[in-house]
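An overview of the molecular structure
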Amino acid sequence: MKISFALPMSGSWATPENQVRVARRAEELGYEGLWTVQRLLYPEGGGERMGEVYRSVLDPVVSLAFVAGHTSRIRLGLAVLNMPFFSPANLAKQLTTLDLVSGGRLDAGLGLGWSHEEFAASGVAYERRGRRGEEYLEVLRELWTADVAEYAGEWYRLDRVRQDPKPVQRPHPPILLGGTAAPALRRAGRVADGWISSSRTDLGELSESIATIKQAAAEAGRDPDALRFVCRGPLVVRDGGASASGRAPLTGTHEQIRSDFEGIAEQGITELFLDPNYDPEIGSPDADAAAAMDRVEAALDAFAPRR
């Protein structure tokens, strides 16, 4: 299982300076990739439903383009960008450019979204977003691979158009889908290069989702073993540790947290990225930014991939 880390994206510690510090240090220590989160809006009065760490969030595409210029090897991942909030032609252009400026290091984690407020603000319908999402992926691939792109669907149309240049990675950057419901899992198996778990996924039950995805891939005539399974691991470091009884995975001391890696890997996860943005003592706008960064740098050193 490969080990990656999240960029500073949420709260007071999410500054350009800290993004560069985390990106450079993670690359230096041998982490596989850097990952992000997307949140367009924070509904007033919706704090309990969304969580404090969603109050102040940076844009993931801009953040990855920024750190691409400060790194050279580490991969850059979107986890996840919600497709309905962009036109497919616009997103194809943005992600192609990101793949180009990073030298072919992009992992395109895409999703459908779930916030009604974000759909309303984006001017798109919430209904039938699953089928629309599959059509969206077909348009992306057409733009990325065809010299002259053509497409006629229920929602999208391309009338013999060109979109150049093409991405560095061929045929296109890896497409990894988010989602937790059974239809979303089956969709990942049928049409994507892999799956990314959400921040709310039970890290003790990952194998069930992976089995559903692999079965759907096999039924579609695809190789289930070729898929990637990326786990977003909300990281909560506490110097005093956590009691063994009922301790959530990736919560506690550095030693307790590292002991969880094997159990996650055994479920079929191919890449784990540790994400401190979901710790309210780090990802909140009211958190002490300097203290948060000190804790994150200690975690980067403690969880660095073992060679």
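Details of the structure are given in the entry above.
These remarks concern the structure in this document. (Residues numbered from 1 in each chain as written. Predicted model: local features only at pLDDT ≥ 70, side-chain atom pairs only at ≥ 80, totals over all residues. Heavy atoms only, no water.)

Attention now goes to the overall build of the protein. Each helix and strand counted, the protein has twelve helices and 13 strands in total. Overall, the C-alpha framework of the protein stretches about 60 × 45 × 40 Å when taken along its three principal axes. Looking at the 307 residues of the protein, the share that counts as buried comes to 53%. Considering only intrachain contacts with a sequence separation of at least 6, the fraction spanning at least 24 residues in the protein is 69%. Total accessible area on the protein stands at roughly 13200 Å², and carbon and sulfur atoms take up 49% of it. On the protein, the mean spot of the 35 positive side-chain charges and the mean spot of the 43 negative ones are 5 Å from each other. (Helix = DSSP H or I, 4+ residues; strand = E, 2+ residues; numbered from the N terminus. Buried < 20%, exposed > 50% of the residue type's maximum accessible area, 1.4 Å probe, protein only. Contact = heavy atoms within 4.5 Å. Areas by Shrake-Rupley, 256 points an atom, 1.4 Å probe, with all protein chains shown as cover. Lys, Arg positive; Asp, Glu negative; His and termini not counted. Charge placed at Lys NZ, Arg CZ, Asp CG, Glu CD.)

Take the pattern of salt bridges next. When their charged atoms lie close together, side chains carrying opposite charge are able to pair. Within the structure shown, the criterion is met by 23 salt bridges. Ionic pairing is found between Arg-55 and Glu-52, a salt bridge with its closest N-O pair at 2.3 Å. For Arg-55, a relative accessible area of 36% translates into the label partly exposed. Taking the relative accessible area as the measure of exposure, Glu-52 reaches 30% and is therefore partly exposed. Linking Arg-228 and Glu-271 is a salt bridge whose minimum nitrogen-to-oxygen distance equals 3.4 Å. Of this pair, Arg-228 sits in strand S10 (residues 228–234) while Glu-271 sits in strand S13 (residues 271–275), and the two are 43 residues apart along the sequence. Judged by its relative accessible area of 3%, Glu-271 is buried. (Salt bridge = Lys/Arg side-chain N within 4 Å of Asp/Glu carboxyl O.)

Taking 1.5 Å per residue as the helical rise, helix H4 (residues 88–101) with its 14 residues ought to reach 20 Å, and the 20 Å between its terminal C-alpha atoms agrees with that figure. For H4, every residue scored as buried is listed here: Pro-88, Leu-91, Ala-92, Leu-95, Thr-96, Leu-98 and Asp-99. The buried residues of H4 all sit within an arc of 160° when viewed along its axis, so they share a single face. The inward-facing, buried residues of H4 contact helix H3 (60–68), strand S4 (81–82), strand S5 (106–111) and helix H6 (129–145). Just past H4, the residue Gly-103 takes up positive phi, approximately 70°. (Expected span 1.5 Å × (residues − 1). Arc of directions from axis to C-beta.)

Taken together, the side chains of Leu-100, Val-101 and Val-168 make up a nonpolar region of the molecular surface, amounting to roughly 230 Å² of accessible area. Mapped onto the secondary structure, Val-101 falls in helix H4. (Patch = residues over 30% accessible without salt bridge, like charges linked within 9 Å, V, L, I, M, F, W, Y side chains within 5 Å.)

The volume enclosed by the largest pocket comes to roughly 770 Å³. Counting only elements with at least two residues in the lining of the largest pocket, the list comes to S5 and helix H7 (182–191). Its residues placed into classes, the lining of the largest pocket shows 15 nonpolar, eleven polar and five charged. (1 Å grid on protein atoms, 1.4 Å probe; cavity = no way out; pocket = protein on both sides within 12 Å on 5 of 7 lines; lining within 4 Å. Points joined across faces, edges and corners; volume = space filled by probe spheres on them. Nonpolar A, V, L, I, M, F, W, Y, C, P; charged D, E, K, R; others polar.)

Right, let's get into empty space enclosed by the protein. A water-sized probe rolled over the atoms picks out the places where empty space is left. One pass over the structure, following the stated rule, counts two cavities of 30 Å³ or more. Reported here for the largest cavity is a volume of approximately 50 Å³. Taken together, Phe-5, Leu-235, Val-237, Pro-276, Asp-279, Ile-282, Arg-295, Val-296 and Ala-299 make up the full set of residues lining the largest cavity. Among the elements that line the lining of the largest cavity, the one with the most residues is helix H12 (residues 289–302), at three residues. By residue class, the composition of the lining of the largest cavity is seven nonpolar, no polar and two charged. The class makeup of the residues in the lining of the second largest cavity is five nonpolar, one polar and two charged.

Our focus in this paragraph is the packing of aromatic side chains. This model, assessed by the stated rule, comprises seven aromatic pairs. Look at Trp-35 and Phe-273: their rings are 5.2 Å apart centre to centre, the planes differ by 15°, and that puts the pair in the stacked class. Separated by 238 residues along the polypeptide, Trp-35 in strand S2 (residues 33–35) and Phe-273 in strand S13 bring together distant segments of the chain. By relative accessible area, Trp-35 is classed as buried at 1%. Take Phe-273: its relative accessible area is 0%, and that puts it in the buried class. Ring centres 5.9 Å apart and planes at 50° place the aromatic pair Phe-261 and Phe-303 in the tilted group. (Phe/Tyr/Trp six-rings, centres within 6.5 Å; stacked < 30°, edge-to-face > 60°.)

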